[in-house]
Amino acid sequence: MESLRIITEEHQNLWRIATTIDLVADEIEAGGKVDPAFFGSVFDYIEQFVDRAHHPKEDDYLFRILRQRSAEAAVILDRLQAEHHNGPENLKALRRKLAEAAGGGEANSQFVAALRNYTQGLKGHIRAEEKDAMPLAREVLTAEDWAEIDRAFLDNADPVFGEKASAEFRELFHRIASLAPESVGLGARSGGELQPGAGPRAGDVLLSVSGLESCYGRIKALKGIDFEVRRGETVALVGSNGAGKTTLLRTLSGVQPASAGRIYFGGDDISGLRSDLRMKAGICQSPEGRQVFGPLSIEDNLRLGAYTQPKSQVPEDLEKVYAMFPILKEKRNLPAGTLSGGQQQMLAIGRALMGRPKLLLLDEPSMGLAPLLVQEVFNVVKALKAQGMTIILAEQNAFAALAIADRGYVLETGNITLSGTGQELISNEQVRAAYLGM
Ligand SMILES: Nc1ncnc2c1ncn2[C@@H]1O[C@H](COP(=O)(O)OP(=O)(O)OP(=O)(O)O)[C@@H](O)[C@H]1O
Ligand SMILES: [Mg+2]
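Residues numbered from 1 in each chain as written. Chains lettered and ligands numbered in written order. Predicted model: local features only at pLDDT ≥ 70, side-chain atom pairs only at ≥ 80, totals over all residues.

Novice: Explain the site of ligand 1 residue by residue, including any values.
Specialist: In the neighbourhood of ligand 1, 13 residues make up the surrounding shell, with Tyr 216, Ala 221, Lys 245, Thr 246 and Thr 247 lying closest. Mapped by element, the contributors of at least two residues to the shell around ligand 1 are strand 2 (219-230) and helix 7 (245-253). A per-element tally of the shell around ligand 1 places helix 7 first, with three residues. Here the shell around ligand 1 is built from residues that sort into four nonpolar, seven polar and two charged. (Near = placed C-beta within 6 Å. Helix = DSSP H or I, 4+ residues; strand = E, 2+ residues; numbered from the N terminus. Nonpolar A, V, L, I, M, F, W, Y, C, P; charged D, E, K, R; others polar.)

Given below as structure tokens:
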């Protein structure tokens, strides 16, 4: 089923493009200019990759065979293939609207509407393929079917989607990244090698960590970490499964003991301080897996986050959190366990905010959430950042985290192996290959 893996990967890149288009549409709506070069490269990519390679490859192999094997397939595939068929026309319409929008005015908002309509269609299409078509294929296709489909998908000599074509698509993708507005976070400009430990931006240091180690029994999970966070910065900690992100955050908040090293917070050595005192000093964590207390009401969960704070400020802080997450206010008296995964994540962040953090630690806030909710969670992080909050954001979702971070550190098996600005890391070849799937 290599073919499904390939399709899923391609979907991830398309989803990023769609999300990027949405972000740029937001900017245009807020008064930004329409950049014909950026959209030109996006539309070229969609035309050459999506319409001429990705869709035909699905149609000619996966979908063709799926129709032969299952009577139910037609219902699902008729819609998907009609969308494939309409792709080029839709794109032409978008290009026309782009040309008109270059004149500004009314055409501008029509272009934005057309963009949103397009990305909504694209995302809906991707979801339907993954939710309906792929599970059916897994169920009904035989080993021989998969062999045939995979052979086609892995044919590196294929002129439409083989190695040479793929290199061209990658090139186009990078061009989009280089043309995307800086604020969107895809706009990587510098590339090449980075110095491990590249210095942080100017501003005063809030957190400074040196030689930090932490162990689980005889296993050393952190092997001497040095890093700094400045006031107002959003710092991403990226790294794959088991790299040590959670251990690092837990060692900072004091729930996990350090076996060596020093932690300075606001100039004070807090290395020996208990976790509740660190929380009182302003280090508040939204833990991995959310860990809300299911049977307790939402409001009581939030109150727990304020247990190191004076009682008098709790009502005011509750209102602030409710203003940020209206859904929590609406459901304030219900057990937290009744919330959806995304809402529980909001609750976990809200609970951390109740401690009046000077440094907010977010451990994988996007974990296990549907793509659209991931976007929402990152919007929350962006809003907090805009308010001047200092944030450490640990994420396996490296692309999204680096896109909104000022700086990032790459963790690998307990060591920091790379650091730089979010932009630098996104454009770094090593990072791209290892974490961004490009
Ligand atoms: N409670 C534990 N007992 C023993 N070893 C642990 C424990 N928790 C983590 N480890 C080990 O410590 C290392 C770092 O794990 P950690 O959970 O910090 O990684 P992570 O980067 O947060 O990973 P993920 O992306 O999966 O959350 C891993 O080798 C892991 O197996
Ligand atoms: Mg973790």
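Novice: Requested: an account of the sheet that holds strand 2, with residues and values cited.
Specialist: What holds strands together in a sheet is hydrogen bonding between their backbones, with the strands either parallel or antiparallel. Pairing is antiparallel in the open sheet, where four strands are placed in the order 2-1-4-5. Each edge of the sheet is formed by a strand with only one pairing partner; in this case those strands are strand 2 and strand 5 (268-269). Where strand 1 (residues 205-216) and strand 2 come together, nine bridges link them in antiparallel fashion. Opposite Leu 212, over in strand 2, you have Ile 225 as the bridge partner. Across the face of the sheet, helix 7 comes into contact with strand 1, strand 2 and strand 4 (260-265) while running at roughly 65° to strand 2. (Pairing = 2+ DSSP bridges. Contact = placed C-beta atoms within 7 Å. Axes fitted to C-alpha atoms, helices over the stretch in contact; angles between N-to-C directions.)

Novice: Can you explain the environment of Gln 48? Please cite residues and give values.
Specialist: With respect to the helices and strands, Gln 48 occurs in helix 2 (residues 36-69). The spacing of Gln 48 and Val 160 is 112 residues in sequence and 9.2 Å in space, taken between C-alpha atoms. Residues in contact with Gln 48, not counting those within four places in the same chain, are Phe 169 and Leu 172.

Novice: Could you give an account of the domain arrangement of the protein, naming the residues involved and the relevant values?
Specialist: Here the protein is partitioned into domain 1 (2-184) and domain 2 (205-436). In this structure, domain 1 and domain 2 have C-alpha centres spaced 33 Å apart. (Domains from an automatic or database assignment.)

Novice: Can you break down the sheet that holds strand 10 (residues 415-421) residue by residue, with the values?
Specialist: The six strands are arranged 6-7-8-3-9-10 in an open sheet whose pairing can be described as mixed. What marks the edges here is a single partner per strand, and that holds for strand 6 (283-286) and strand 10. In this sheet, adjacent strand axes meet at a mean angle of 20° when their direction is disregarded. With four bridges joining them, strand 3 (residues 234-238) and strand 9 (residues 407-412) adopt parallel strand pairing. The partner of Val 238 across the bridge, within strand 9, is Val 410. Sheet contacts for helix 7: strand 3, strand 6, strand 7 (359-363), strand 8 (390-395) and strand 9; angle to strand 7, the most-contacted strand, approximately 150°. Its contacts with the sheet put helix 12 (residues 341-353) on strand 6 and strand 7, and the angle it makes with strand 6 is roughly 170°.

Novice: So what about the packing of helix 2 against helix 3 (residues 73-101)? Which residues, and what values?
Specialist: Between helix 2 and helix 3, the shortest axis-to-axis distance is 10 Å and the interhelical angle comes to 160°. Here helix 2 lies roughly antiparallel to helix 3, going by the angle between them. The crossing of helix 2 and helix 3 is left-handed. Contact residues: helix 2 offers Pro 36, Phe 39, Phe 43, Ile 46, Glu 47, Val 50, Asp 51, His 55, Asp 59, Phe 63, Leu 66 and Arg 67, while helix 3 offers Ala 73, Ala 74, Leu 77, Gln 81, His 84, Gly 87, Pro 88, Leu 91, Leu 94, Arg 95 and Leu 98. Partitioning the contact of helix 2 with helix 3 into residue classes produces 14 nonpolar, four polar and five charged. (Parallel < 35°, antiparallel > 145°, perpendicular 65-115°, else oblique. Left-handed = near helix turned anticlockwise from the far one by under 90°.)

Novice: How would you summarise the pairing of strand 9 if you had to cite specific residues and measurements?
Specialist: Burial within strand 9 is extensive, with five of its six residues counted as buried. When strand 9 meets strand 10, the two strands line up antiparallel, connected through six bridges. Counted as the bridge partner of Glu 412 is Asn 415 from strand 10. In this antiparallel pair of consecutive strands, strand 9 and strand 10, the connection spans two residues, and Thr 413 shows a positive phi of 35°. (Buried ≥ 20, exposed ≤ 12 C-beta atoms within 10 Å, placed from the backbone.)

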